[in-house]
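Summary of the model geometry
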Amino acid sequence: MTMYVLIPAYEPDERLVSLVAALRCAHLDVLVVDDGSGPRFAATFDQVRALGATVLADDTNRGKGHALKSGFAWLVEHRPGSDVVCADCDGQHLVPDILRVADRVAAADGAMVLGARRFTGHVPLRSRWGNAITGALVRTATGLPVHDTQTGLRGYPAAMLGWLQAVDGERFEYELDLLLRASQDGIEVEEVEIETVYLDENASSHFRPVIDSARVYAPLLRFSLSSFGSFLVDTVTLLALFAATGALLPSVVAARVLSSSVNFAANRRLVFAGGRAKSLRAAATQYGVLAATLLAANFGILTALTGAGIALLPAKVLTEAALFAASYQLQRTVVFAATPVAADGAEPRESTAAGTSLGSRRVSLR
């Protein structure tokens, strides 16, 4: 089993050359993907080639996710059976840490391995807050206690390369989508602690705070907007019916039937697009079971809160917030999940009646 270090590079400087030189001194094979950097950076890539790295070039900038997929496709075709460690080109990943991730990939049983920073010492504010926010969202969405969701230092076994190419995403959102899909498809995720390195306040980063953050958070934002719209329908209907009848249970049931219908249509069409591969009847049946379960929980919590003297509107807000995470995970992994494909392209080893993988979700920090 061989190991390649894959480095996507857009407008790199001498730090890429230094990194490749150090990796070659460590006897590692290196694959660099030029993500449309243009003629001004040709000399940098020529130096990388002279050091013994393989360089793939794209004419236009198509994004980090696309560059990574190009590298994965090249490895499958030209170096089948090679594990891969992905590292950034800006000097933030140290060679000893890259080697530690590579060693863990070789030792792990088919797991995705993340080089996890602990964010100690001086860390740019946008990086500290960005990782904290994303980490909280990922934990809510997947249940995976990942410490560093934004790390670019990641290791993948050779058997996972086909799966990696099938995950959506062309730019910075791709690496977050990998974590969300890993949770859905039962792929194990492990973490190896690495040094936290930021150079010049991370000035070399090509991450665009507004545009790329929207891409990164899009899956969760779409679900949040869909849920909020359904929440408004549910709440307005509940308040109107309760005011007219004074009966809580019928009001809750009627409001939830209407809002659930709206939510099902929006999530199947707009949020979990992959779920359209499942038949409408199967998805609707599973959604109905989930909606009934959440309805029972909703009524129970509402009854407890209003019985404790909390007004109906704030009680409703608290109840929906409590059930949000459970609803997202179950809709993503069961109701709107297409039949998952294992990392090696085989059928899942275990599955529920809904066809959803039950593989381990272990996350460990080593």
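The rules behind the values
- Residues numbered from 1 in each chain as written.
- Predicted model: local features only at pLDDT ≥ 70, side-chain atom pairs only at ≥ 80, totals over all residues.
- Heavy atoms only, no water.
- Helix = DSSP H or I, 4+ residues; strand = E, 2+ residues; numbered from the N terminus.
- Buried < 20%, exposed > 50% of the residue type's maximum accessible area, 1.4 Å probe, protein only.
- Contact = heavy atoms within 4.5 Å.
- Areas by Shrake-Rupley, 256 points an atom, 1.4 Å probe, with all protein chains shown as cover.
- Pairing = 2+ DSSP bridges.
- pLDDT = per-residue confidence, 0-100.
- Polar contact = N/O pair within 3.5 Å; in protein donor to acceptor, adjacent residues only side chain to side chain.
- Axes fitted to C-alpha atoms, helices over the stretch in contact; angles between N-to-C directions.
- Phe/Tyr/Trp six-rings, centres within 6.5 Å; stacked < 30°, edge-to-face > 60°.
- Core = buried A, V, L, I, M, F, W, Y, C linked by side-chain atoms within 4.5 Å.
- Right-handed = clockwise from strand over helix to strand, strands pointing away.
- Salt bridge = Lys/Arg side-chain N within 4 Å of Asp/Glu carboxyl O.

A closer look at the overall build of the chain
Each helix and strand counted, the chain has eleven helices and seven strands in total. Looking at the chain as a whole, 50% of its 366 residues qualify as buried. Restricting to contacts in the chain with at least 6 residues of sequence separation, those with at least 24 account for 75%. Surface summary for the chain: the accessible area is close to 16500 Å², and the carbon and sulfur share equals 61%.

Quick notes on the pairing of strand β4 (residues 83-86)
Burial along β4 is two-sided: Asp83 and Val85 facing one way and Val84 and Cys86 facing the other are all buried. With four bridges joining them, strand β1 (residues 3-9) and β4 adopt parallel strand pairing. Residue pairing across strands places Tyr4 opposite Val84, the latter belonging to β4.

Some remarks on the confidence of the model for the chain
With 78% of its residues at a pLDDT of 70 or more, the chain shows a mean pLDDT of 81. This model gives residues 201-208 a pLDDT under 50, and the stretch forms 22 contacts once residues within four places in sequence are excluded.

As for the side chain of Ser226
Within the secondary structure, Ser226 sits in helix α8 (residues 209-245). Within polar-contact distance, the side chain of Ser226 engages the side chain of Asn263 at 3.2 Å. Excluding anything up to four places from it in sequence, Ser226 contacts Asn263, Ala266, Asn267 and Val271.

Structural notes on the sheet that holds strand β3 (residues 54-58)
An order of β3-β2-β1-β4-β6-β5-β7 is seen for the seven strands of this open sheet, with the pairing classed as mixed. Each end of this open sheet is capped by a strand with a single partner; those strands are β3 and β7 (189-194). Shown here is a sheet whose adjacent strand axes are inclined to one another by a mean of 20°, direction ignored. Relative to strand β6 (residues 154-156), strand β5 (residues 112-117) is paired through two bridges, and the arrangement is antiparallel. In the strand pairing of β6, Val113 is matched with Gly155.

With respect to the packing of aromatic side chains
Under the counting rule described, the total for this entry stands at six aromatic pairs. Summarising the aromatic geometry, the rings of Phe72 and Tyr156 are spaced 5.8 Å apart at their centres and angled 85° between planes, so their arrangement reads as edge-to-face. Highlighted residues: Phe72 in helix α3 (residues 64-78) and Tyr156 in strand β6, separated in sequence by 84 residues. By relative accessible area, which is 1% here, Tyr156 ends up buried. Every member of this aromatic cluster is reached through a ring pair, and the members are Phe264, Tyr287 and Phe336.

Thoughts on the nonpolar core
The biggest cluster of nonpolar side chains holds 29 residues, and the ones touching the most others in it are Ile7, Leu16, Val20, Leu23, Val32, Val48 and Ile98. In this structure, Leu6, Phe72, Val167 and Tyr174 belong to the second largest nonpolar core, which totals 28 residues.

What about the pairing of β3?
In the sheet, strand β2 (residues 29-35) pairs with β3 via five bridges, with the strands oriented parallel. Across the sheet, residue Asp35 finds its bridge partner in β3, namely Asp58. For the crossover from β2 across helix α2 (residues 42-50) to β3, the handedness is right-handed.

Some words on the pattern of salt bridges
Taken as a whole and assessed by the stated rule, the structure comprises 13 salt bridges. With a closest N to O distance of 3.4 Å, Glu170 and Lys69 form a salt bridge. Residue Glu170 is found in the loop between α6 (161-166) and α7 (173-185), and its partner Lys69 is found in helix α3; the two are separated by 101 residues along the sequence. Glu170 gets classed as partly exposed once you look at its relative accessible area, which sits at 31%. Note on Lys69: relative accessible area 13%, which makes it buried. The salt bridge involving Asp148 is made with Arg117; its shortest N-O contact spans 2.6 Å. Taken together, the residues Asp148 in the loop between α5 (125-142) and β6 and Arg117 in strand β5 connect sequence positions 31 residues apart.

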